[in-house]
Amino acid sequence: MLNKNNIKLNAIGNIASLPQECIDDLKEAMAKTAHNEKCTLTLALSYSAKWEIVEAAKKIASLVKDDSISLDEIDEDLFSSKLTTVNIPDPELMIRTSGEHRISNYLLWQMAYTEFYFTDVLWPDFRREDLFEAIVDYQKRERRFGKISEQLN
């Protein structure tokens, strides 16, 4: 179905913690869809933002230990390049269903400037109309990326 619809399969998270059969099947599916270009479906499997941040820190610490980089070279761009989401754009809108007002250890680094939309609608009941409502709400917002309105002009 993914190939039929020209969809590339991707996965983020602690893939190594999955059962080997799942890892093998996942790698096979990703290889079979690697050439697809219409869109990308990314599965967050055994994913934790805290885990992802710690793993990126370990990679960078290893580079410093090996004298591949100096401490002064560590910046946001380097850190972002060591995350499992390196080739995935940061989210612009996070829709949180079920009346919850938390992000639940999900994309903590990437959601620094994400807009949040909260709805009491439960995920299984979330429909096209609910999505449209969230998008209309989002379109009314001023994206400032940490600045104040006056700094945008």
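About the criteria used
Residues numbered from 1 in each chain as written. Predicted model: local features only at pLDDT ≥ 70, side-chain atom pairs only at ≥ 80, totals over all residues. Heavy atoms only, no water. Pairing = 2+ DSSP bridges. Helix = DSSP H or I, 4+ residues; strand = E, 2+ residues; numbered from the N terminus. Right-handed = clockwise from strand over helix to strand, strands pointing away. Patch = residues over 30% accessible without salt bridge, like charges linked within 9 Å, V, L, I, M, F, W, Y side chains within 5 Å. Areas by Shrake-Rupley, 256 points an atom, 1.4 Å probe, with all protein chains shown as cover. Salt bridge = Lys/Arg side-chain N within 4 Å of Asp/Glu carboxyl O. Lys, Arg positive; Asp, Glu negative; His and termini not counted. Charge placed at Lys NZ, Arg CZ, Asp CG, Glu CD. Buried < 20%, exposed > 50% of the residue type's maximum accessible area, 1.4 Å probe, protein only. Polar contact = N/O pair within 3.5 Å; in protein donor to acceptor, adjacent residues only side chain to side chain. Contact = heavy atoms within 4.5 Å. Phe/Tyr/Trp six-rings, centres within 6.5 Å; stacked < 30°, edge-to-face > 60°. 1 Å grid on protein atoms, 1.4 Å probe; cavity = no way out; pocket = protein on both sides within 12 Å on 5 of 7 lines; lining within 4 Å. Points joined across faces, edges and corners; volume = space filled by probe spheres on them. Nonpolar A, V, L, I, M, F, W, Y, C, P; charged D, E, K, R; others polar.

**Quick notes on the pairing of strand β1 (residues 7–12)**
Phase 1 of the analysis: Examined bridge by bridge, β1 and strand β2 (residues 39–44) share six bridges and lie parallel to one another. Directly across from Ile 12, in β2, lies its bridge partner Ala 44.
Phase 2 of the analysis: At this point the chain moves from β1, through helix α1 (residues 20–33), to the parallel β2, and the crossover so formed is left-handed.

**Things to note about a negative patch on the surface**
Phase 1 of the analysis: A surface patch of negative charge is lined by Asp 72, Glu 73, Asp 75, Glu 76 and Asp 77.
Phase 2 of the analysis: Within the element layout of this structure, Glu 73 appears in the loop between α2 (49–65) and α3 (76–81).
Phase 3 of the analysis: On the basis of relative accessible area, Glu 73 is assigned to the partly exposed category, the value being 44%.

**Considerations on the pattern of salt bridges**
Phase 1 of the analysis: For the structure shown, the criterion picks out seven salt bridges.
Phase 2 of the analysis: The closest approach of N and O atoms between Arg 143 and Glu 92, which form a salt bridge, is 3.5 Å. In this pair, Arg 143 is assigned in the loop between α4 (128–139) and α5 (149–152) and Glu 92 in the loop between α3 and β3 (93–96), connecting sequence segments 51 residues apart.
Phase 3 of the analysis: Judged by its relative accessible area of 48%, Glu 92 falls in the partly exposed class.
Phase 4 of the analysis: It is possible to trace a salt-bridge network through shared partners that takes in Glu 92, Glu 115, Asp 137, Arg 141 and Arg 143.

**Thoughts on the side chain of Gln 110**
Phase 1 of the analysis: Mapped onto the fold, Gln 110 is located in the loop between β3 and β4 (115–118).
Phase 2 of the analysis: Classification of Gln 110 as buried rests on a relative accessible area of 4%.
Phase 3 of the analysis: A polar contact is formed between the side chain of Gln 110 and the side chain of Glu 52, at a distance of 3.2 Å.
Phase 4 of the analysis: Among residues more than four places away in sequence, those in contact with Gln 110 are Tyr 47, Glu 52, Leu 83, Thr 85, Asp 90 and Pro 91.

**Quick notes on the packing of aromatic side chains**
Phase 1 of the analysis: In this structure the tally under the stated criterion is four aromatic pairs.
Phase 2 of the analysis: Residues Phe 79 and Trp 109 carry aromatic rings whose centres are separated by 4.5 Å and whose planes lie at 40 degrees to one another, so their mutual orientation is tilted. Taken together, the positions of Phe 79 in helix α3 and Trp 109 in the loop between β3 and β4 put the pair 30 residues apart, joining distant regions of the chain.
Phase 3 of the analysis: On the accessibility criterion, Phe 79 (14% relative accessible area) is buried.
Phase 4 of the analysis: Since its relative accessible area comes to 31%, Trp 109 is described here as partly exposed.
Phase 5 of the analysis: Each ring, one from Phe 116 and one from Phe 118, has its centre 6.1 Å from the other, and the planes form 10 degrees; the classification is stacked.
Phase 6 of the analysis: Residue classification places Phe 118 among the partly exposed residues on the basis of a relative accessible area of 35%.

**Considering the pairing of β4**
Phase 1 of the analysis: Where burial is concerned, the two faces of β4 differ: the one with Glu 115 and Tyr 117 is buried and the one with Phe 116 and Phe 118 is not.
Phase 2 of the analysis: As judged from the four bridges shared by β3 and β4, these two strands associate in the parallel manner. Bridge assignment links Arg 96 to a residue of β4, and that residue is Phe 118.

**Section: the layout of surface pockets**
Phase 1 of the analysis: Taken as a whole, the largest pocket spans an internal volume of roughly 550 Å³.
Phase 2 of the analysis: Every residue lining the largest pocket is counted, 18 residues in all, and those nearest its centre are Asn 10, Thr 40, Thr 42, Ile 88 and Pro 89.
Phase 3 of the analysis: Those elements that place two or more of their residues in the lining of the largest pocket are β1 and β2.
Phase 4 of the analysis: With four residues, the top contributor of residues to the lining of the largest pocket is β2.
Phase 5 of the analysis: In terms of residue class, the lining of the largest pocket is built from nine nonpolar, seven polar and two charged.
Phase 6 of the analysis: Taken as a whole, the second largest pocket encloses approximately 340 Å³ of empty space.
Phase 7 of the analysis: Along its surface, the second largest pocket is lined by 17 residues, and Asp 90, Trp 109, Gln 110, Ala 112 and Tyr 113 are the ones closest to its centre.
Phase 8 of the analysis: A per-class count over the lining of the second largest pocket returns eight nonpolar, four polar and five charged.

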